[in-house]
Structure formats: C-alpha cells, structure tokens
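# Descriptive analysis of the structure
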Number of protein chains: 2
Amino acid sequence: MGQTPIQIEGDERGGACVFVCEHASNAMPAPWGDLGLNEAQRAAHIAWDPGALGVARALAAQLDAPLAAACQSRLIYDLNRPPHHAGAMPARSETFDIPGNQDLSAQDRLTRTDAIYLPFHAELRALIARRLARGTVPVLVTVHSFTPVYFGQSRTVELGVIHDADPALACAVLEEALEQTGLDTRLNEPYSAADGVTHTLALQATPMGLPHVMLELRNDLIADEASQSAMAATLAPVLRAAIARLSHQAGEAA
Amino acid sequence: MGQTPIQIEGDERGGACVFVCEHASNAMPAPWGDLGLNEAQRAAHIAWDPGALGVARALAAQLDAPLAAACQSRLIYDLNRPPHHAGAMPARSETFDIPGNQDLSAQDRLTRTDAIYLPFHAELRALIARRLARGTVPVLVTVHSFTPVYFGQSRTVELGVIHDADPALACAVLEEALEQTGLDTRLNEPYSAADGVTHTLALQATPMGLPHVMLELRNDLIADEASQSAMAATLAPVLRAAIARLSHQAGEAA
C-alpha cells in the first residue's frame, strides 16, 4: 500500500491547463497483483488507456502545464469512477471477467478506495486549489483513449470531445479540431457524461467552475511514441485556440 | 498551522446522514489571531454561524450520524467557498471591514488554503467515500444559521431549505417542515445556489450523486442550548420523514 497512486509532473509549470491521465498505467502492483489476468489481457484496453499517457505528457510539455497521472491499472481502481460505482473495481470489463475483482468484500473496496482513489483525488484537488488560491483559474483537460472495436463493433470516431456540466470548452475544441485537423471528431462520443464517464471532471472541475474537456483518442492512432508525439503536435494548437476563444467570449461578456 | 481544521464526531455511527457544520466556530487561532476585530465583532454572525453547531450536534445524535465541524472562524477561511472566491477570506463581511484580510498576498491565500480548506474537505471526502465503498450512499446535510437583520433589513424566514443540483431532498424537507412545524420555511431563501452558497454540497454531494440539503436557521431561534436542542427535536422527524419520502420514490421508480 506504500506505493503512491499519483505521479505529478511539471507542478512548477505556469500554463493555463492542468492535464490528467487517470488510465495512464497498466501496472498491477502488490498487494493486488495481476487479478488473475494473463499478459495479453493486462496489456489490453481493459487494463488502461494505451497511448494516452504519451499524448498527455507531450501535450503538457507543449502547453507548459502540469500532468497528474495514475500509477496503477484501472482494474484495481478506476479513478474516473466514484467508490460505489460498479465500474470502480469492475468484475467484468467488456468481454472479460476479472477474476481478482469477483465478490469483493466491503473491506476490499474500502482498502482500494483508501489506497488509490482518495490520495489521487486529494493531490489533484490540492494542485488545482493552490492555483486557484494564487489567483489562476486553470483549465482541466483529461486525456483518454478508447478501443477501435468494442463488443465486436468498429468505431469510426477518432477524437471524442466530452464535457461535464459546462460544454463551452468542449464545443470550442470541437470547432477548432474540425477546422484545424482531419480527425473524425465528435462531441460526446463514443460516450458522454450520461454514461458516468466524467467523474473526474464532475469532482475536480465543475465544483470550482473550471473550463474543462475530456479528450478521447482512438488508440490505434496513438500506438507508438512517434504517433503520440504527432497527435500532441496536432492537438496542442487546437487546445490553445479553443482556450483563446473562451477568453475572447469572457472578454466580450465582461 | 499544526491545529486540525476539522473535528469529526461519531464517525462510527451508522445512520443515513452525514452532517456538516462549516461555520461551527469563531475561533481565531495563531498564526492568524483576531484579524483586527474586537470581541463583539468576533462573536457576531460575520465570524461564524451562532447556534448552528449545537443544532447540528443534537441532530447528528438523534439520527445516529457523524458530524464534521470546522474548528476556525469563517473569516480565516470560509469552508463553504472555493479558494478563488472573494468570500473565502473576505476583506469585508456585511457592514464590517476585516482588517486582517485586507490586501492578502497570493502566499497568504495559499497558506490558508493549505492549512484549512484542503484538509477539511479531504477528510470530509474520505468520510463520505468510505461509506460509499462499503455500499452505503449517505445523505449530506449541512447546518447553517443566518442573522435576523442583514444590511438593516429584517428577515421573516425562519428555516431556509437550500439545494445544489438535485432539489429532491430539499423539496421533501420543505413539505415535511410545512406539515410538521410552525416554522416559516422557504425553499432557497434567504439565498440559493445562484449566490454561491452551496460549495460544500457542490464539492461533496453532487459529484457522488448524494441526496443533500443545506438547512439555514435564523439565529435568534437557536441562541442558547435549550433552543438548539428544541430545534433539533423539531427537525429530526422532518429529516427522517423527508428521507423516507425519497426512499419511497426511489422504490416506486425501481
């Protein structure tokens, strides 16, 4: 339990954004171990968001922003779900049973919540609150990836742009991505807040009134370091322009 | 800075509610001290919610529920406001200037945020998340008091029932209070979420989908221990019946 559940990079950076990658890692450290999964399963999208960390890290560098990334597999605790959600410690993910998550006791759920969920979100909260206290309202950007084939169905969307309560930044990112990139970009696809996938935004951005967006990238487009860097190079100006649109609108309203 | 900003009572209690009293105390400990206020000002509603802790403590005992209470004055840090809100460390409250809160530096704001806001809300989050992990969805009830005369205007409302995103419990409490008590009870008075007074609910209840309500009592009705106990005895069955209504509605919907 001694292992930290969160890695923060670039806390000293002063850019407008804070990046979060809740599904950065497929590590399954003690005391949980491999949850009864084989190597191929542990490498698959059920265990993490392949490619998301590389994109998030490159974007954070380009936008001079901090990055908070998870250090354990989402199958041990999915940081984008609250502790009472079945998906927080899923017994099944897509077509796979997760042996080590069957019949978890209340104490098992409590132990994982204490070891992973609470410290991750407390440290992220602190990172954000300290910026607020110093007079900066950061923009929260969470970076995810999704599998190109889900329950046997192919997905054509390449970039999903998802929001929690405030759609302003997501709409601006959508418009900029459609203008600037050739990516098949959709709002609130392949899923949306109604599917319960915006917990981090709901917990960390909405109560503070932070502009926010969740970026979902189809993982076949970011399978290696070169394509992750290229995607970050594509998305960095999209984010910059979208944030500038918000600032411009705020200026007009003031 | 070593002093804890939160006091949790009855963490082992198993009732449906979690009570919170963000403005429980008018204590002004070192290193902040009296902020340049005289004794009468430090005893006034600007420094705390007089009577609220007594009501919250008695309600928590009657409903077998834990209570999380603040240990410092709201003038040092108002736990019901985010760190970038002017009211978090107000330079002025109603008709009073707060000398010790003039021209706070970014470092001053950061120090108070780190010492009070972050640990209070992290411990409250943990208290709630541990109940969720064990399979219980608690009901969050925050207890406040308001001054009968504000900016020279008398207020006739006696019990304000305020909600954040989900009005269900507040509406049920309103109906039960009107049926069961003689209190002048109003929904979202003397202020509402639109006035930025529901930060604790927005931070702790809404992201988790917790039923929630903020109770605002006119402080002349709860000026001593006897009236605080009497108010709790009045409100306990109101809360019980309101929660039962929600459970009944949830049962019908299921």
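Structural data are supplied above this passage.
These notes cover the structure that comes with them. Keep in mind that this is a model prediction, so the values were computed, not measured.

The rules behind these values
- Residues numbered from 1 in each chain as written.
- Chains lettered and ligands numbered in written order.
- Predicted model: local features only at pLDDT ≥ 70, side-chain atom pairs only at ≥ 80, totals over all residues.
- Heavy atoms only, no water.
- Contact = heavy atoms within 4.5 Å.
- Salt bridge = Lys/Arg side-chain N within 4 Å of Asp/Glu carboxyl O.
- Polar contact = N/O pair within 3.5 Å; in protein donor to acceptor, adjacent residues only side chain to side chain.
- Helix = DSSP H or I, 4+ residues; strand = E, 2+ residues; numbered from the N terminus.
- Nonpolar A, V, L, I, M, F, W, Y, C, P; charged D, E, K, R; others polar.
- Phe/Tyr/Trp six-rings, centres within 6.5 Å; stacked < 30°, edge-to-face > 60°.
- Buried < 20%, exposed > 50% of the residue type's maximum accessible area, 1.4 Å probe, protein only.
- Least-squares fit on C-alpha atoms with pLDDT ≥ 70 in both.
- Pairing = 2+ DSSP bridges.
- Axes fitted to C-alpha atoms, helices over the stretch in contact; angles between N-to-C directions.

## Points about the interface of chain A and chain B
With 23 residues of chain A in contact, the opposing surface of chain B contributes 23 residues. The tally of links between chain A and chain B comes to 2 salt bridges. Note that Arg 130 of chain A is salt-bridged to Asp 114 of chain B, the shortest N-O span being 2.7 Å. Counting across the chain A and chain B interface gives 4 residue pairs in polar contact (both at pLDDT 80 or more). Elements that contribute at least two residues to the side of chain A that touches chain B include exactly helix 3 (106-133) and helix 5 (199-205) of chain A. Ranked by residue count, the leading element in the side of chain A that touches chain B is helix 3 of chain A, at 13 residues. Residues of the side of chain A that touches chain B, tallied by class, amount to 15 nonpolar, 3 polar and 5 charged.

## Examining the packing of aromatic side chains
What the rule picks out here adds up to 4 aromatic pairs over all chains. Measuring from ring centre to ring centre gives 4.8 Å for Tyr 150 of chain A and Phe 151 of chain A, while their planes differ by 75 degrees; the resulting arrangement is edge-to-face. The class for Tyr 150 of chain A is partly exposed, based on a relative accessible area of 32%. Taking the centre distance of 5.2 Å and the plane angle of 35 degrees together, the rings of Tyr 77 of chain B and Tyr 117 of chain B count as tilted. Within this pair, whereas Tyr 77 of chain B is found in the loop between strand 3 (67-70) and strand 4 (92-93), its partner Tyr 117 of chain B is found in helix 3 (residues 106-133), the two being separated by 40 residues in sequence. Here the two residues Tyr 77 of chain B and Tyr 117 of chain B agree in accessibility, since each one is buried.

## A few points about the relation of the copies chain A and chain B
Mapping chain A onto chain B leaves a residual RMSD of 0.0 Å; the transformation is a rotation of 180 degrees accompanied by 0.0 Å of translation along its axis. Classification of the inter-copy transformation places it as that of a two-fold axis. When C-alpha positions in chain A are compared against the rotation axis, the closest is assigned to Ala 122 of chain A, at 3.0 Å. A high fraction, 100%, of the interface residues of chain A reappear at the interface in chain B, so the copies pair face to face through one surface.

## Things to note about the sheet that holds strand 3 (residues 67-70) of chain A
All names here are of chain A. If you walk across this open sheet you meet the 7 strands as 1-3-2-6-11-9-10, and the pairing is mixed. The open sheet is flanked by strand 1 (6-9) and strand 10 (185-187), the only strands paired with a single partner. For this sheet, the mean angle separating the axes of adjacent strands, direction not counted, is 20 degrees. Note that strand 2 (residues 17-21) and strand 6 (residues 139-146) share 4 bridges and pair parallel. Among the inter-strand pairings, Val 20 is bridged to a residue of strand 6, identified as Thr 142. Most of the contacts of helix 2 (residues 52-62) go to strand 2, to which it runs at about 165 degrees, and overall it touches strand 1, strand 2, strand 3, strand 6 and strand 11 (212-218).

## Quick notes on unusual backbone geometry
Each neighbour pair has its own omega, and for Ala 30 of chain A with Pro 31 of chain A the value is 5 degrees, a cis peptide bond. One can find Pro 31 of chain A in the loop between strand 2 and helix 1 (39-43). In the Ramachandran plot, Asn 188 of chain A falls in the positive-phi region, its phi being about 55 degrees despite a non-glycine side chain. Mapped onto the fold, Asn 188 of chain A is located in the loop between strand 10 and helix 5. The exposure class assigned to Asn 188 of chain A is partly exposed, which follows from its relative accessible area of 22%. One non-glycine residue, Phe 151 of chain B, adopts positive backbone phi at about 50 degrees. In this fold, Phe 151 of chain B is placed in the loop between strand 7 (149-150) and strand 8 (153-154). On the accessibility criterion, Phe 151 of chain B (49% relative accessible area) is partly exposed.

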